[in-house]
Protein chains: 2
Amino acid sequence: MSELIQPRILKGFRDALPAEETTRVLLVEKLTASFRSFGFVPIDTPALEYSEILLRKSDGETEKQVFRFTDNGGRDVALRFDLTVPFARFVAAHKDELYFPFKRYHIAKVWRGEKPQAGRYREFFQCDFDIVGSDSEAVDFEILSLMKASLSAIGVEKITIKVSHRGIFNRFLSLRGLSDKSEDILRTVDKLAKIGPDETASLLAEIAGKDTAADILTYIQGAGNRPEDFEATLSLMEKMAGGPAEDTERMRKIRSLMEAVGIESSFVLDPSITRGLDYYTGIVYETFLNDLPEIGSVCSGGRYDNLAALYAKDRISGVGSSIGLDRLIAALEKLGQTSGQAGFTEAVIFNTESTDMAAAQKAAATLRARGIACEVYPDAKKMGAQYAWAEKKAVSWGITLANGSLELKKLATRETETLACPNCAADKILAGR
Amino acid sequence: MSELIQPRILKGFRDALPAEETTRVLLVEKLTASFRSFGFVPIDTPALEYSEILLRKSDGETEKQVFRFTDNGGRDVALRFDLTVPFARFVAAHKDELYFPFKRYHIAKVWRGEKPQAGRYREFFQCDFDIVGSDSEAVDFEILSLMKASLSAIGVEKITIKVSHRGIFNRFLSLRGLSDKSEDILRTVDKLAKIGPDETASLLAEIAGKDTAADILTYIQGAGNRPEDFEATLSLMEKMAGGPAEDTERMRKIRSLMEAVGIESSFVLDPSITRGLDYYTGIVYETFLNDLPEIGSVCSGGRYDNLAALYAKDRISGVGSSIGLDRLIAALEKLGQTSGQAGFTEAVIFNTESTDMAAAQKAAATLRARGIACEVYPDAKKMGAQYAWAEKKAVSWGITLANGSLELKKLATRETETLACPNCAADKILAGR
C-alpha cells in the first residue's frame, strides 16, 4: 500500500459540512425566491476569465490578491474576484440578446488570495442583484425594496439600511473647491462610524483645513439618524450642496415610495455613507443588523453611471446590491437565527433482523410519494446505532415493520403507535408537521 | 477615453444567458428535491485544492487536462476536475464528524482543459450523489431507485438503466486465466454498443484468442436486452462465471426490490456495461434516453470498495452516481422537453404618463405578498416597447393603473378586464394558473 496523503485543504479554503451547507442552501433558496418575485432572472459566467478582462480596472491591491496564472494554452487567466466585473463584461457581450431594463441575480463563488483571518476566506460566495438599463428612481427604489424583502424572507427583520447619494456629496465638495481632494475626503468620511467624529474631524482638517473639516462633519452627521429624520437630513444636505436639484428630488421620490409601501422605518438617510472609492455615482447604501451592527454591512451597493464602459460604447447605467452571504450567515449563527436544520429526512424505516427489505422499500416509496423525505436504514445494526444515526440527522419519525404490522415512533418522545399501513403513517406524519 | 477591451471569454468557456440558466436552475431544483426525499444532504468543497490531493491517483490524460498552477504562496494547486476525488478527501478529513451510512449530493462546477468540441466545455457542472459506509444491496438499490426518481422528477420517464456487476465479470475472467488481461478486455468490451459484436469479437480475439473471444462475446451479449430478460441473463452470467455467489445473489435481491417498488421495467441487465477502467468493484450502471440513445449515458456510476484509500486507513465503501447535467440538458432541448421558461415574472405593471408610481409600487407589493412575481416597468416609454419587453420575458399579465381604476390584460390574447383593486387582480391571476 502506498503512503497515505494527508487530506488537507489550502489555507483560507474550507469544506462545508452538511449542516453548514444545508443552512447556506436554505438561505439561498429563500433569497432566490425573493429575487424572482421582483422579476430578477439568473445568469452565469465562467469562474476563469482573461486577466485583461478582470484586471484592467483594478487597483494594485486587487491585482495582488487575484489567483492569476498562465493556462496550458499560454493564456494569461485569472479566477474572478467578484461578480461585478464579469457582469459588466457579460452585459457588453450580450447587449443585443438581452432586454432592458434587465434584472439579474447571480450567486456564485469568487476567489481572493487575501491574508486569511477570522471570518475571511480565499473562496467565498457573492450574491449580487442588479437592474441595468434604466435611470429611473423607481429602480433605485426597487433595489432598496428588494434588499428589505430578501432579508425579511430569511427572517432578518431588524435592520437599518443607511442610504445616501454620491451626487449630492459631489455638489457639496465642488461648491467648496474640494473636487480634486474628493478621493481623500471620501476615504476619511467612510471611517466616521469606526473612529468617531473627533478623529474624523482632525483627519479632515489635515486634508481641507479646520473650517472646511467642520463643515464636512456637519454635512456627514446630518440632522439625526432615525428614519423620521430623513427629510430634515435631506434638507440639510440640499442646503449645504447648493440647493435643490435632480439628486435631492430623487431622494424625496424614493422616500415617498418607501412610505407608500410601508417600509420607510427600515431606512435612514446617512450622508456619511459613501462606499469609499467605488464607482458609484448616485444613491449608495449599506445594511446593518440592529442586533449586531459591529459586524459591518451585510448588504451594500449603489447606482453607477456606466457599468460596461471598458467593453462597450453604449452607456449602460444601473443600480445594484450585494449580500455578504458568509458574513450574514456568521451573524445569524451568532444571533441564533439559523434554522439549525441538519438534513431533510423526516422519517427513517429502521432495520431489524426480521425486517422485510422489500416491504421497507415499498413503504419508503409510499411516504416519498406523499411528499415525506424518507430513508431505509440499510443494515440490521443494533437499534442503539440506528437511533444515534437518526438523531444526528435530526429525523423526526422512526418506523419499524414487523410481521405485517407497522410501528410509528415519534423519536423525540419515543411515543409509539401501531398503524395499519404506510399510508396511515404518512397521514400521521403530515398531520404532525 | 481609453481603448475598449473586447468582451471575449476563454475558449471552451461560456456564459449562461437568462433562459439557459433558468432551465438549468429549475432542473437542479427538481433533482435536488429528489435527492432530499431520499435523505441526501448537500456538502461543498473548494474549487481549488493541492495538486497532490487531486492528481495522485490520476492517469496522464487527466494530468494534461487539469488547470494547474503555482499560487502566490508558492503552492502547487489545481482546479478540481471532478467531484469524486474531493469527496474522497472530504470523507477522509471529516470521517469523525460524519454519520454513516452517509448520503451526500454535490452539484458544482469542475474544470478540464479538454480540446473544445461540440457539447464539450472546459467548465461544466457535475451532479453527484453517493451513499458511503454501507455494503448493503439496499443502498445499491437506493441509488438505482433515486436515478429513476430524479430523472422522473424532471419529466424524463422513457429511460433504460443498464446494470451489470464488475465482480461477476471478474470471476468470469479469472476462471479463464484472463485476470491479467482484464484492463484490455474491459476497454474493448466497453465498445460493444459503439462498434458492434463483429468488430468487438475480432478485437477480443487479438487479446485473448478466437475461442475465448467468442466466449466473452456470449457473456457480454447476455440472454436478451429487455427488462424481463434480467433473470435469464443473470443465470447465463452466473453459469459462465462459475456458479452462484454473493455477487449474483445481490443482483437477484436488487431485482426483487425493483419489482417490489414497481420500477423494474426501466432496468435491464447488460453484462457489456463495465464502466471501463474506473475503480468500481460491484454493480455498475449507465442510463440512456430511449428517444435519444445515441447521445450516450446521462447518468452513470457504480459501487466502489474503498473510496478514500489514498487518504485514510479505514475502508469506506460506497455506491454513487453522476448525472451529466450539460448532456442531459442538451438532450432535453433536442427532445423539446425543457420548460423553455424565460423568467419568473407573472405580471408587469405598465408605466404610462399618468401612472402614479407610488400606487404602482403598492400594487406590486400586494401581488408579491400573494405569491405573484411582479415588476413595475420603471420608465414611461412607448407602450410598444413595454409590450415587447414583457413578451421577451414571457410575462403573462399586464396591469395598467389609471385614474384610480385597474386594468388587467392577459398579454397572450390582449383580453382586458377592469377590476376594483390589486387584490382582485391577484385573485384573477391565481385563478388563471
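Remember, predicted model here, so these are calculated numbers, not experimental data.

K.L.:
Looking at this model, I keep getting lost on the pairing of strand β11 (residues 318–323) of chain A. Mind explaining?
P.N.:
Consecutive residues of a regular strand have side chains that alternate between opposite faces of the sheet. All names here are of chain A. With five of six residues buried, β11 is to be regarded as a mostly interior element. Sheet analysis places strand β6 (residues 123–132) next to β11, joined by six bridges and oriented antiparallel. Bridge assignment links C127 to a residue of β11, and that residue is I323. Pairing of strand β10 (residues 299–304) with β11, which is carried by six bridges, proceeds in the antiparallel orientation. When the sheet's bridge partners are listed, S300 is paired in β11 with S322.

K.L.:
How do you make sense of the sheet that holds β10(A) when you look at a structure like this?
P.N.:
Within a sheet, adjacent strands bond to each other through the backbone by hydrogen bonds, running parallel or antiparallel. Residues and elements named next belong to chain A. Strand order in the open sheet formed by eight strands is β1-β5-β6-β11-β10-β9-β7-β8, and the pairing between neighbours is mixed. Of all the strands in the sheet, just β1 (41–42) and β8 (267–269) have a single pairing partner and so form its edges. Helix α6 (residues 166–175) contacts β7 (159–165) and β9 (280–289) of the sheet and is inclined by roughly 120 degrees relative to β9.

K.L.:
Is there a simple way to think about the sheet that holds strand β14 (residues 397–402) of chain B in this case?
P.N.:
Residues and elements named next belong to chain B. Strand order in the open sheet formed by five strands is β13-β12-β14-β15-β16, with mixed pairing between adjacent strands. The two strands at the open ends of the sheet, each matched to only one other strand, are β13 (374–376) and β16 (415–419). Put simply, the sheet's adjacent strands are angled 20 degrees from each other on average, direction ignored. As defined by bridge partners, strand β12 (residues 347–349) adjoins β14 across three bridges and the pair is classed as parallel. Residue pairing in the sheet places I349 in a bridge with I399 of β14. Running over the sheet, helix α13 (residues 357–369) touches β12, β13 and β14 and is turned about 170 degrees from β13. In the packing of helix α15 (residues 422–431) onto the sheet, contacts are made with β12, β14, β15 (405–410) and β16, and the angle to β15 comes to roughly 15 degrees.

K.L.:
Hey, could you run me through the packing of aromatic side chains in this one?
P.N.:
In this description, a pair of aromatic rings is defined by centroid distance and the angle of the planes. Summed over the entire model, instances satisfying the criterion amount to 25 aromatic pairs over all chains. Aromatic pair F172(A) and Y219(A): ring centres 4.4 Å apart, planes at 25 degrees, arrangement stacked. With F172(A) in helix α6 and Y219(A) in helix α9 (residues 210–221), the pair connects residues that are 47 residues apart, well separated along the chain. With respect to burial, F172(A) and Y219(A) carry one shared label: buried. Grouping aromatic residues by their ring pairs yields a cluster made of F35(A), F40(A), Y105(A) and F129(A). Across from the ring centre of F288(A), 4.6 Å away, lies the NZ or CZ of K162(A), which sits over that ring. Taking the ring centre of F87(B) as reference, the NZ or CZ of R104(B) above it sits at 3.8 Å.

K.L.:
Looking at this model, I keep getting lost on the side chain of S134(A). Mind explaining?
P.N.:
Here S134(A) is to be found in the loop between β6 and α5 (137–153). Engagement of the side chain of S134(A) in a polar contact is seen with the backbone nitrogen of S136(A), the distance being 3.1 Å.

K.L.:
Looking at this structure, how should I read the packing of helix α6 (residues 166–175) of chain B against helix α9 (residues 210–221) of chain B?
P.N.:
Helix-helix packing is described using two parameters, namely the angle between the two axes and the distance between the axes. Residues and elements named next belong to chain B. One can describe the packing of α6 onto α9 by two numbers: an axis separation of 12 Å at closest approach and a directional angle of 160 degrees. The angle between α6 and α9 places the two elements in the roughly antiparallel class. As for how α6 packs across α9, the hand of that crossing is right-handed. Residues I168, F169 and F172 of α6 form the contact with α9, whose participating residues are D215, I216, Y219 and I220. Residue composition of the contact of α6 with α9, grouped by class: six nonpolar, no polar and one charged.

K.L.:
Would you explain the relation of the copies chain B and chain A in this entry?
P.N.:
Look at the two chain copies: a rotation about an axis and a shift along it is all it takes to match them. Laying chain B over chain A is done by rotating through 180 degrees and shifting 0.0 Å along the axis; what remains is an RMSD of 0.0 Å. One copy is carried onto the other by what is essentially a two-fold rotation axis. Residue F69(B) of chain B places its C-alpha closer to the rotation axis than any other residue of that unit, at 3.2 Å. A share of 100% of the interface residues of chain B reappears at the interface of chain A, consistent with the copies meeting face to face through the same patch.

K.L.:
Is there a simple way to explain a negative patch on the surface in this structure?
P.N.:
A cluster of acidic residues, D96(A), E97(A), D314(A), E20(B) and E333(B), forms a negative patch on the protein surface. Tracing the backbone shows E97(A) in the loop between α4 (84–94) and β5 (102–111).

K.L.:
Even after reading the chapter, I still don't get the interface of chain B and chain A, so can you show me in this structure?
P.N.:
Size of an interface: often given as the accessible area lost when the parts come together. Counting residues at the interface gives 103 residues for chain B, matched by 103 residues for chain A. Between chain B and chain A, the buried area comes to about 8,800 Å², and carbon and sulfur atoms account for 61% of it. Across the contact surface, chain B and chain A share 10 salt bridges. Taken together, the links from chain B to chain A amount to 33 residue pairs in polar contact (both at pLDDT 80 or more).

K.L.:
Teacher, can you tell me more about α6(A) here?
P.N.:
Along an α-helix, a turn takes 3.6 residues, which lines up residues three or four apart on a common side. All names here are of chain A. Buried within α6 we find R166, G167, I168, F169, F172 and L173. Residues of α6 that are buried in the fold lie against β7, α7 (182–189), α9, α10 (230–240), α11 (246–261) and β9. Of the residues one or two after α6, G177 is the one with positive phi, at around 65 degrees.

K.L.:
I would appreciate a short explanation of the pattern of salt bridges in the present structure.
P.N.:
Under the definition given, this model contains 77 salt bridges over all chains. A salt bridge links E375(A) to K103(B); the shortest N-O distance between them is 2.7 Å. Here the residue E375(A) occupies a position in strand β13 (residues 374–376), and K103(B) occupies one in strand β5 (residues 102–111), the pair thus bridging two chains. In this structure K103(B) comes out as buried when scored by relative accessible area, which is 1%. A salt bridge links R252(B) to E238(B); the nearest nitrogen and oxygen atoms lie 2.9 Å apart. Of this pair, R252(B) sits in helix α11 (residues 246–261) while E238(B) sits in helix α10 (residues 230–240), placing them 14 residues apart in sequence.

Basis of the calculations
- Residues numbered from 1 in each chain as written.
- Chains lettered and ligands numbered in written order.
- Predicted model: local features only at pLDDT ≥ 70, side-chain atom pairs only at ≥ 80, totals over all residues.
- Heavy atoms only, no water.
- Buried < 20%, exposed > 50% of the residue type's maximum accessible area, 1.4 Å probe, protein only.
- Helix = DSSP H or I, 4+ residues; strand = E, 2+ residues; numbered from the N terminus.
- Pairing = 2+ DSSP bridges.
- Contact = heavy atoms within 4.5 Å.
- Axes fitted to C-alpha atoms, helices over the stretch in contact; angles between N-to-C directions.
- Phe/Tyr/Trp six-rings, centres within 6.5 Å; stacked < 30°, edge-to-face > 60°.
- Lys NZ or Arg CZ within 6 Å of the ring centre and 35° of its normal.
- Polar contact = N/O pair within 3.5 Å; in protein donor to acceptor, adjacent residues only side chain to side chain.
- Parallel < 35°, antiparallel > 145°, perpendicular 65-115°, else oblique.
- Left-handed = near helix turned anticlockwise from the far one by under 90°.
- Nonpolar A, V, L, I, M, F, W, Y, C, P; charged D, E, K, R; others polar.
- Least-squares fit on C-alpha atoms with pLDDT ≥ 70 in both.
- Patch = residues over 30% accessible without salt bridge, like charges linked within 9 Å, V, L, I, M, F, W, Y side chains within 5 Å.
- Areas by Shrake-Rupley, 256 points an atom, 1.4 Å probe, with all protein chains shown as cover.
- Salt bridge = Lys/Arg side-chain N within 4 Å of Asp/Glu carboxyl O.
- Lys, Arg positive; Asp, Glu negative; His and termini not counted.
- Charge placed at Lys NZ, Arg CZ, Asp CG, Glu CD.
- Buried area = accessible area lost by both parts, 1.4 Å probe.

Structural measurements only, silent on function.
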